[in-house]
Amino acid sequence: MALDTVPPTAPAADPASLLVALTRDEKVALLVGADMWRTAAVPRLGLRSVVMSDGPAGVRGDAVDSSASFPAPSALGATWDVTLAARVGEAFAAEARRHGVDVVLAPQVNLQRTPVGGRHFECYSEDPVLTAALAVPLVVAAQRRGVGMCVKHYVANDSETDRTRCVSHVDERTLREVYLAPFEALVAAGAWSVMGAYNGVDDGVERAPVLEHRRLLTGVLKQEWGFDGVLVSDWVATRSVLGPVRAGMDLQMPGPDGPWGDGLAAAVAAGDVTEAELDDKALRVLRLAGRVGAVGAPVVPPTGVDVRGVLRELVARSLVVLKDDDRLLPLGRPARIALVGPNAVAPFLAGGGSSAVRADRHVTLDAALARAFPGAVVELVAGGVSRFTAPPLDLSAATTPAGTPGVHVQLLDAAGAVLREWVADRWDEDVPDLPEAAVAARLRTRVPLTAPGVHGVGVATVGRHRVLVDGREVSASDRLVGEDVVLDSTYNHPAAVMVPVTGPGVVDLDATVQVVHPVGYETFLRLRLRHDEPGPAPARLRAQAVAAAAAADVAVVVVGTTEEVESEGWDRTSLDLPGDQDALVRAVLAVQPRTVVVVNAGAPVLLPWLEQARCVVWGWLGGQEWADGLADALSGGVEPSGRLPWTLPARAGDVPVPDAVPVDGIVDYREGVDVGHRAWDRRGLVPAAPFGHGLGWTTWQYVAAEARRESDVVVAVTLTNTGGRRGREVVQVYVEPPAGTRPGARPVRWLGGFAVVDADAGATTTVQVRLHPHALRTWDTGAGWATPPGTYPLRVGRSSRDLRLTTQVVISQHSQQ
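In this report, the structure presented in the accompanying data block is examined. Numbering of residues begins from 1 in every chain and follows the order in which that chain's sequence is written. Note on the predicted model: pLDDT of at least 70 is required for a residue's local features to be given, and 80 or more for side-chain atom pairs to be given and counted; whole-chain, interface and lining totals, by contrast, use all residues. Each side-chain value is derived from all of the structure's non-hydrogen atoms; neither hydrogens nor water enter the calculation.

## A closer look at the overall build of the protein
Here is step 1: When its secondary structure is counted, the protein shows 19 helices and 33 strands.
Here is step 2: Our radius of gyration is a C-alpha quantity, and the globule rule it is checked against amounts to 2.2 Å times the number of residues to the power 0.38. Its C-alpha atoms give the protein a radius of gyration of 27 Å, near enough to 28 Å, the size a compact globule of 817 residues would have.
Here is step 3: By principal-axis analysis of the C-alpha atoms, the protein measures approximately 85 × 80 × 50 Å.
Here is step 4: Counting across all 817 residues of the protein, residues that qualify as buried make up 60%.
Here is step 5: Carbon and sulfur atoms make up 51% of the accessible area of the protein, which amounts to about 29300 Å² in all.
Here is step 6: If the 77 positive side-chain charges of the protein are averaged to one point and the 95 negative ones to another, these points end up 4 Å apart. Under the scheme used here, helices are H or I runs from DSSP no shorter than 4 residues and strands are E runs no shorter than 2 residues, and both carry numbers assigned from the N terminus. Working definition: with a 1.4 Å probe on protein chains only, accessible area under 20% of the residue-type maximum means buried, over 50% means exposed, and in between means partly exposed. Shrake-Rupley sampling with a 1.4 Å probe provides the accessible areas, and residues are treated as covered by the protein chains on show and by no other component. For the charge count, each Lys or Arg is scored as positive and each Asp or Glu as negative, with His and the chain ends excluded. Just so you know, the charge point we use is NZ for Lys, CZ for Arg, CG for Asp and CD for Glu.

Below, the structure written as structure tokens:
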């Protein structure tokens with residue numbers, strides 16, 4: 001867990017010399033994106049554009065490219081494995097260079113403050129120590145290979161509701177000890193760029209949008225921590241010229257328009273922005289360009305990285321065995337496997353928004369299990385539904401009104417004249433990069449509905465539109481959406497209007513939709529087409545699943561969420577599994593005792609049947625290698641050694657922070673430093689599974705623990721693998737405040753450090769757990785960091801609630817830091 005540093009990757013052109021050679025206009029241009037993803041180039045100096053790309057679960061690159069789809073960051077959080085995190089960083093670097101990308105907009109080191117946060121799956125953990133411990137080696141490894149990682153979203157950007165308008169009210173101590181802590185660790189490790197968030201922050205001293213918060217950007221980030229990289233805006237987050245300039249923002253993305261694109265040059269010419277301010281920002285961009293090889297010596301692309309192998313291992317190592325009462329795992333050699341569940345048929349592999357990529361490969365779970373269990377019969381049955389809304393309409397057999405295969409599309413100008421028309425062989429729900437003169441698009445197609453019965457055909461869009469189904473108007477609006485629509489949750493999550501259509505037959509669709517012209521983004525339109533096919537009633541689907549499970553040697557039931565539930569752009573409104581999945585699980589458990597329930601979700605969901613189930617595995621959003629990685633764990637190839645990076649609630653009413661809905665524009669972090677498991681301990685609540693919990697496939701006896709003080713506190717923990725297989729344990733050390741500490745002044749206990757250890761069956765080993773360098777300190781507003789004297793109990797165990805040994809460390813005198 002020791003913090004690492006980033007050495008230079010290659011000789012780079014001297015940024016100071018380049019700065020002197022730049023004209024004033026060139027300096028201004030460097031500070032505004034040249035387009036959606038690139039900075040400006042200065043060819044005469046050999047400076048090319050710095051290319052950026054989303055994201056947290058794979059390097060998206062060009063929109064038409066496929067990419068390696070990584071497991072969601074919460075899956076990496078579940079490994080608690082800093083070595084594996086570094087290998088994931090290497091994979092990011094390899095993928096970035098494969099796609100011509102210099103800076104990846106990741107990792108996201110915001111905290112999982114509430115389980116309903118829409119981007120919960122994009123974060124590593126609810127805990128700042130675990131978050132920092134995993135993010136640091138990932139960033140260090142990528143940057144050693146010449147690829148910059150942009151750490152985001154600075155700061156207190158932990159939910160999606162009104163994210164562009166809300167103000168996070170966080171006291172200074174809570175900011176310092178909790179939400180700033182991962183950023184501080186990453187800056188100390190040499191992060192090359194940081195992304196400023198959409199929201200505002202009120203820390204009790206200054207209240208301002210983050211990008212105009214001088215105290216946080218200049219005072220803390222640049223002056224106190226010594227950050228020498230680029231502070232880039234979140235996309236379309238810049239609201240003015242002078243506010244961000246004065247606060248310390250360096251680069252507005254995207255461009256070339258927006259407040260800085262329109263006004264920075266004028267502000268410089270008028271003397272409102274000084275040469276010193278301009279030079280500081282331009283120097284930072286030049287420094288980043290040198291580090292990634294955009295100027296000076298080019299960076300040699302990394303080689304020898306087995307990206308697929310890393311991702312497959314990450315899937316298996318992230319799986320958390322919540323319970324395995326009968327030691328069902330691994331499954332042995334079943335002759336017949338019932339693979340049941342809507343997410344077994346259509347797994348949810350990547351959350352929506354910045355994490356979405358077009359995966360390089362797709363493997364079905366039934367095929368992966370058939371390979372992992374040679375000779376076994378694998379019967380795949382949906383058994384239920386996991387969606388609130390209908391799936392996309394299949395246009396593979398669609399024809400234009402003229403009978404040509406595909407969809408007829410016309411772009412219209414303000415007078416209704418056709419600017420361009422074409423026949424598309426498929427329909428993307430978001431159509432980007434449309435001409436500036438386009439104000440609307442018309443789509444016409446005929447879609448065969450082959451199944452008999454009543455179909456539901458649905459449309460969802462935003463802005464001015466008119467949609468006809470079989471010549472009948474089903475949805476219309478004259479409301480024009482504004483240029484900031486891309487930041488609004490109603491845009492990201494439009495409701496669908498469903499129309500009943502009887503099949504078999506053909507449905508005629510005729511939709512005219514507004515083209516959106518947002519600041520900083522390409523013009524585009526959004527029209528989602530939905531289709532709910534007639535099919536068996538839920539009871540009949542469950543009956544099919546029950547029959548398959550009863551006839552099998554083992555049932556694997558896969559339930560979970562979908563992109564409707566977990567996505568950038570909106571927060572969840574419920575912790576329940578969508579659809580009728582709870583009823584499905586109960587029905588299968590009633591007939592098949594040898595059932596493994598796999599939860600395919602990135603964020604917590606309620607499991608009301610957990611007590612009845614004998615074996616439950618948390619499966620995360622696993623990316624393209626999920627099916628094979630899960631099969632590896634079920635078949636015994638790799639131990640599912642994950643531990644929960646957050647707390648799993650048993651009841652929604654127990655959740656300490658049940659939502660993050662702003663009240664009068666304010667999100668109040670009233671829980672203070674008691675985030676996540678700390679709040680559960682403070683309230684004495686019993687979760688379904690505690691922070692840090694996970695079983696694996698062996699058992700452990702904790703023998704002894706002894707603390708010593710070096711440069712940091714180190715705890716030597718001796719333990720024995722008492723099971724019958726080689727296994728992996730995550731040894732966790734929690735700190736408690738000294739006796740006599742004022743009640744409520746410190747958390748009940750907090751994570752101080754951890755270590756991963758592997759041991760053969762019957763072996764005894766000793767692992768050295770180095771506590772975080774700042775594990776004992778606290779922030780004293782007005783005085784700064786301090787470590788109060790006293791005897792600190794150190795609790796050692798398998799989770800925040802399974803604590804098996806106690807040792808202590810003595811701090812003899814009060815220290816200021």
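Still more ground to cover, so stick around.
## So, the state of the cysteines
Each disulfide consists of a covalent bond between the sulfur atoms of two cysteine residues.
Here is step 1: Criterion for a disulfide: a pair of cysteine sulfur atoms at a distance within 2.5 Å. In total, this model carries 0 disulfides according to the counting rule given.
Here is step 2: The thiol of C166 is unpaired, and the distance to the nearest cysteine sulfur, on C123, comes to 14 Å.
Here is step 3: Note on C166: relative accessible area 5%, which makes it buried.

## Describing the nonpolar core
Here is step 1: Nine residue types can take part in a nonpolar core, namely buried Ala, Val, Leu, Ile, Met, Phe, Trp, Tyr and Cys, and a core is a set of them joined through side-chain atoms within 4.5 Å. V104, Y154, V155, Y179, W235 and L264 are the most contacted members of the largest nonpolar core, which has 119 residues in total.
Here is step 2: Looking at this core, the element that brings in the most residues is helix α5 (residues 128-144), giving 11 residues.
Here is step 3: Apart from residues lying up to four places away in sequence, Y154 is in contact with L180, F183, V194, M195, G196, A197, V210, L216, L217, V220, L221 and W225.
Here is step 4: Grouped together as the second largest cluster of nonpolar side chains are 34 residues, A545, A555, L577 and A613 included. The contact criterion used is simple: two residues touch if any of their non-hydrogen atoms lie within 4.5 Å.

## Here we look at helix α7 (residues 181-188)
Here is step 1: Buried residues dominate α7, accounting for 7 of its 8 residues.
Here is step 2: For α7, the secondary structure elements touched by its buried residues are α5, β3 (148-154), α6 (172-179), β5 (193-196), α8 (214-224) and β30 (784-787).
Here is step 3: Where α7 ends, the next residue or the one after it, G190, has phi of about 100 degrees, a positive value.

## Points about the sheet that holds strand β1 (residues 52-53)
Here is step 1: Spatially, the 5 strands line up as an open sheet ordered β1-β2-β3-β5-β8, and their pairing is parallel. Both edges of this open sheet fall to β1 and β8 (230-233), since each of them pairs with a single strand only.
Here is step 2: We treat two strands as partners when DSSP finds at least two bridges between them. Across 2 bridges, the pairing between β1 and strand β2 (residues 103-104) is parallel. Note that in β2 the partner of M52 across the bridge is V103.

## So, the sheet that holds strand β26 (residues 727-735)
Here is step 1: Taken in spatial order, the 4 strands of this open sheet run β27-β26-β31-β32, and their pairing is antiparallel. Each edge of the open sheet is held by one strand with a lone partner, namely β27 (750-759) and β32 (803-811). Recorded for the sheet is a direction-independent mean angle of 20 degrees between the axes of neighbouring strands.
Here is step 2: Sheet topology note: the strand β31 (residues 790-797)/β32 ladder contains 8 bridges and is antiparallel. Counted as the bridge partner of G797 is L803 from β32. In this analysis an axis means a line fitted to C-alpha atoms, helices contributing only their contacting stretch, and an angle means the value between N-to-C directions, from 0 to 180 degrees.

## Focus on the environment of A688
Here is step 1: Note on placement: A688 falls in the loop between α19 (677-683) and β24 (700-709).
Here is step 2: What makes A688 partly exposed here is its relative accessible area of 31%.
Here is step 3: Along the backbone, A688 and L606 are 82 residues apart, and their C-alpha atoms lie at a distance of 8.6 Å.

## Details of the pairing of strand β12 (residues 407-412)
Here is step 1: Most of β12 is tucked away, with 6 of its 6 residues classed as buried.
Here is step 2: Between β12 and strand β13 (residues 418-424), which follow one another and run antiparallel, lie 5 residues, and G416 among them has a positive phi close to 90 degrees.

## Brief notes about unusual backbone geometry
Here is step 1: In this structure, P107 follows A106 across a cis peptide bond, with omega equal to 0 degrees.
Here is step 2: By the secondary structure assignment, P107 is in the loop between β2 and α5.
Here is step 3: With an omega of 10 degrees, the peptide bond running from G255 to P256 counts as cis.
Here is step 4: Counting through the fold element by element, P256 comes out in the loop between α9 (242-247) and α10 (258-269).
Here is step 5: If you check the backbone angles, D162 has positive phi at about 50 degrees while not being a glycine.
Here is step 6: By secondary structure assignment, the location of D162 is in the loop between β3 and β4 (167-169).

## Thoughts on the side chain of T218
Here is step 1: Relative to the assigned elements, T218 resides in helix α8.
Here is step 2: You can call T218 buried: its relative accessible area is 12%.
Here is step 3: If sequence neighbours within four positions are ignored, T218 has contacts with Q223, R246, A247 and G248.

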